[in-house]
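# Coordinate analysis (summary)
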Amino acid sequence: MQDKGAPPRSTLSGADRISALPDGVREHVLSFLPAHDAVRTTVLARSWRDLWMRSPALCIVGWGTVDKFTQFVERLLRLHLSANGEPCAAPMALDSCQFHLSPLDFNDERDIVANKIETLMNDWIQCAVCCQVRVLQFSFVRHGPPLDVAFLTLLSEHLTKLELAGVAYHGNVDLSGCPALQDMNIEDCLFVSDEIQAPYLKHLTFKTCGFFASNHTLFRLQSLISLRLTYCYGKIPFLASMPSLATAIVMLDPTDYYLPNNDNTSCLLLNDLKFAQAFNKLKTLVLTDWFVAADLSALIWFLNHSPILEKLTLQITKVRRFKNTEGSNKLPKSSVVSSHLNMVKIECVVVDGIIIEILKILSASGVPLEQISIQQSIAGSGCEFSNDTCYAFLIHDTNYYVRNMCNVTAEAK
């Protein structure tokens, strides 16, 4: 009879090459399996018994009943914090720990699953941090309110990346105790926070997140290089000084663009940015509808405060009736645009009065018209002007358009 601890014998299908792999390779392979499947490999042979515990990553997904699942997760994390079942001063470090959970993965009712996980998730996160995890991901996907978390004040010298989805947080976010934290991706989350502080963070993404503090959430991100703030809603955040910012994409829900008088003329985000320093490292910028909320002064402001800007994209997804408000035609008096700017793209529904004003501003700022491209959507394939200049532009007679641009007086229908 074959010894249980001996490597499996060759069969007609070939030798057991997996067991013969060098140390570290099998552990790496196990890191791609869900944690409960990785643990099951202990029955293969004696040499596999503790192999899963040396895997550099944990991927935890839901299964079975929520009670059995939570018992499994707690035991799993305790074993990673111990050596041979006893507490140890130096637990096995984790490259990554991922929690990808959904009520649909369990056999229980959805509310039971959510309530159970909500009571334990903070302990799980702290255990992962104690395992010196470098990449931490937690996502809870369901059609309903997010889970309340309490772990967004972390202390870790090892954490380099944090990803969250489907959670809600009440209170200030303080990540100043994570000096190695470089990347943070947040999606489908809610924040009731007066302040989010992450002084060492380099790259930040907020997608489809809501901000609902009594005041606008203040972002303190002194080392930030890239920012993506897309499809967020509620009260838009205040952006403190970000002197290292090089790339920014801001696409917001129009819920709260404006100052408290709600007169649709005072853009709140622009008013905030005017208190910031120049973006001395900003090279790529994408602006969406909010920058035309009132008088296009946001565009002029960015042209004045982005000295090395290279690529500018303006996305206008709605048709608006342009009105010349006070200050809307205050064109720059001299060339203020970055000498590095070599591409301006305007994406719009129709070429209307707003587009004409944008072109005037860009031209007066020193942007050569041949460096500007306009892309119309199929839905807006028409033109709202009867002026021949506009039609000339649409058939790409650019030189004719440049000569006549400043004489355009037609108004949108």
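Residues numbered from 1 in each chain as written. Predicted model: local features only at pLDDT ≥ 70, side-chain atom pairs only at ≥ 80, totals over all residues. Heavy atoms only, no water.

### Side note on the sheet that holds strand β9 (residues 173-174)
Within a beta sheet, neighbouring strands are joined by backbone hydrogen bonds and run either parallel or antiparallel to one another. Strand order across the open sheet formed by 4 strands is β9-β12-β15-β17, with parallel pairing between neighbours. On the outer flanks of this sheet lie β9 and β17 (238-239), each paired with one strand and no other. Relative to strand β12 (residues 195-197), β9 runs parallel, the two sharing 2 bridges. Within β12, the residue paired with Val173 across the bridge is Ile196. (Pairing = 2+ DSSP bridges. Helix = DSSP H or I, 4+ residues; strand = E, 2+ residues; numbered from the N terminus.)

### Focus: the side chain of Ser365
Along the chain, Ser365 turns up in the loop between α7 (353-364) and β22 (372-376). A distance of 2.7 Å separates the side chain of Ser365 from the backbone oxygen of Ile361, its partner in a polar contact. (Polar contact = N/O pair within 3.5 Å; in protein donor to acceptor, adjacent residues only side chain to side chain.)

### Regarding empty space enclosed by the protein
Remark: the empty space left among the atoms is shown by a probe the size of a water molecule rolled over them. Tallied over the full model, the rule gives 3 cavities of 30 Å³ or more. For the second largest cavity, the calculated volume is near 60 Å³. Forming the boundary of the second largest cavity are Leu30, Leu33, Pro34, Ala35, Ala38, Val39, Trp52, Ser55, Ala57, Leu58, Cys59 and Leu76. Elements with a minimum of two residues in the lining of the second largest cavity: α2 (35-40) and β1 (57-61). Residues that form the lining of the second largest cavity fall into these classes: 11 nonpolar, 1 polar and no charged. (1 Å grid on protein atoms, 1.4 Å probe; cavity = no way out; pocket = protein on both sides within 12 Å on 5 of 7 lines; lining within 4 Å. Points joined across faces, edges and corners; volume = space filled by probe spheres on them. Nonpolar A, V, L, I, M, F, W, Y, C, P; charged D, E, K, R; others polar.)

### Quick word on the nonpolar core
Within the largest apolar cluster, 102 residues are counted, with the highest numbers of intra-cluster contacts made by Ile117, Phe138, Phe206, Phe291, Leu312 and Ile358. Looking at this core, the element that brings in the most residues is helix α4 (residues 110-130), giving 9 residues. Summarising the domain contributions, this core has at least three residues from each of domain 1 (24-257 + 265-278) and domain 2 (279-321 + 336-378). Residue contacts for Phe291: discarding those within four places in its chain leaves Leu296, Ala298, Leu299, Leu314, Gln315, Ile316 and Ile358. (Core = buried A, V, L, I, M, F, W, Y, C linked by side-chain atoms within 4.5 Å. Buried < 20%, exposed > 50% of the residue type's maximum accessible area, 1.4 Å probe, protein only. Domains from an automatic or database assignment. Contact = heavy atoms within 4.5 Å.)

### Quick word on α4
With 21 residues, α4 should cover 30 Å at 1.5 Å per step; its first-to-last C-alpha distance of 30 Å lies within 8% of that length. Residue Leu120 marks the point of greatest curvature in α4, where the axis turns by about 40°. Among all positions of α4, only Val113, Ala114, Ile117, Leu120, Met121, Asn122, Trp124, Ile125, Ala128 and Val129 are buried. Positive backbone phi, at 60°, marks Gln132, one or two positions downstream of α4. (Expected span 1.5 Å × (residues − 1). Bend = angle between axes of the 7 residues up to and from the residue.)

### What about the pattern of salt bridges?
Under the definition given, this model contains 6 salt bridges. We note a salt bridge from Lys116 to Asp67, for which the minimum N-O separation is 3.6 Å. Within this pair, whereas Lys116 is found in helix α4, its partner Asp67 is found in helix α3 (residues 66-80), the two being separated by 49 residues in sequence. With a closest N to O distance of 3.1 Å, Glu163 and Lys161 form a salt bridge. Classification of Lys161 by relative accessible area gives partly exposed; the value is 26%. (Salt bridge = Lys/Arg side-chain N within 4 Å of Asp/Glu carboxyl O.)

### Remarks on the packing of aromatic side chains
Tallied over the entire structure, the rule returns 13 aromatic pairs. Considering the side-chain rings of Phe69 and Phe106, the 5.1 Å spacing of their centres and the 70° angle between planes classify their relative orientation as edge-to-face. Placement of Phe69 in helix α3 and of Phe106 in the loop between β4 (96-101) and α4 is noted, with a sequence separation of 37 residues between them. You can call Phe106 buried: its relative accessible area is 7%. Ring pairs connect the aromatic residues Trp63, Phe69, Phe72, Phe99, Phe106, Trp124 and Phe138, which therefore count as one cluster. (Phe/Tyr/Trp six-rings, centres within 6.5 Å; stacked < 30°, edge-to-face > 60°.)

### Quick notes on the packing of helix α6 (residues 297-305) against α7
Between two packed helices, the angle of one axis relative to the other and the distance separating the axes together describe the packing. Direction vectors running N to C along α6 and α7 enclose 25°, while the axes themselves pass 10 Å from each other. Considering their axes alone, α6 and α7 lie roughly parallel with respect to each other. Crossing of α6 against α7: the hand is right-handed. Note on element contacts: α7 touches α6 through Ile358, Ile361 and Leu362, opposite Leu299, Ile300 and Leu303. Each residue belonging to the contact of α6 with α7 can be placed in one class, and the counts come to 6 nonpolar, no polar and no charged. (Axes fitted to C-alpha atoms, helices over the stretch in contact; angles between N-to-C directions. Parallel < 35°, antiparallel > 145°, perpendicular 65-115°, else oblique. Left-handed = near helix turned anticlockwise from the far one by under 90°.)

### Overview of the pairing of strand β7 (residues 161-165)
Judged by how many residues are buried, β7 sits mostly within the fold: 4 of 5 residues are covered. With 5 bridges joining them, β7 and strand β10 (residues 183-187) adopt parallel strand pairing. What sits directly across from Glu163, in β10, is Asn185.

### Structural notes on the packing of α3 against α4
Orientation of α3 relative to α4, taken along the N-to-C sense of each, is 0°, at an axis distance of 11 Å. Relative to α4, the element α3 lies roughly parallel. Of the residues in α4, those in contact with Val66, Asp67, Phe69, Thr70, Val73, Glu74 and Leu77 of α3 are Ile112, Val113, Lys116, Ile117, Leu120, Trp124 and Cys127. A class-by-class count of the residues in the contact of α3 with α4 yields 10 nonpolar, 1 polar and 3 charged.

### Structural notes on the side chain of Thr70
Here Thr70 shows up in helix α3. By relative accessible area, which is 3% here, Thr70 ends up buried. Of the polar contacts made by the side chain of Thr70, one reaches the backbone oxygen of Asp67; its length is 2.9 Å. Here Thr70 is in contact with Lys116, Leu120 and Trp124, once residues within four sequence places are set aside.

### Digging into a nonpolar patch on the surface
A contiguous nonpolar surface patch, about 300 Å² in accessible area, is contributed by Ile18, Leu21, Val25 and Val29. Looking at the secondary structure, you find Val29 in helix α1 (residues 25-30). Taking relative accessible area as the criterion, Val29 reaches 45% and is therefore assigned partly exposed. (Patch = residues over 30% accessible without salt bridge, like charges linked within 9 Å, V, L, I, M, F, W, Y side chains within 5 Å. Areas by Shrake-Rupley, 256 points an atom, 1.4 Å probe, with all protein chains shown as cover.)

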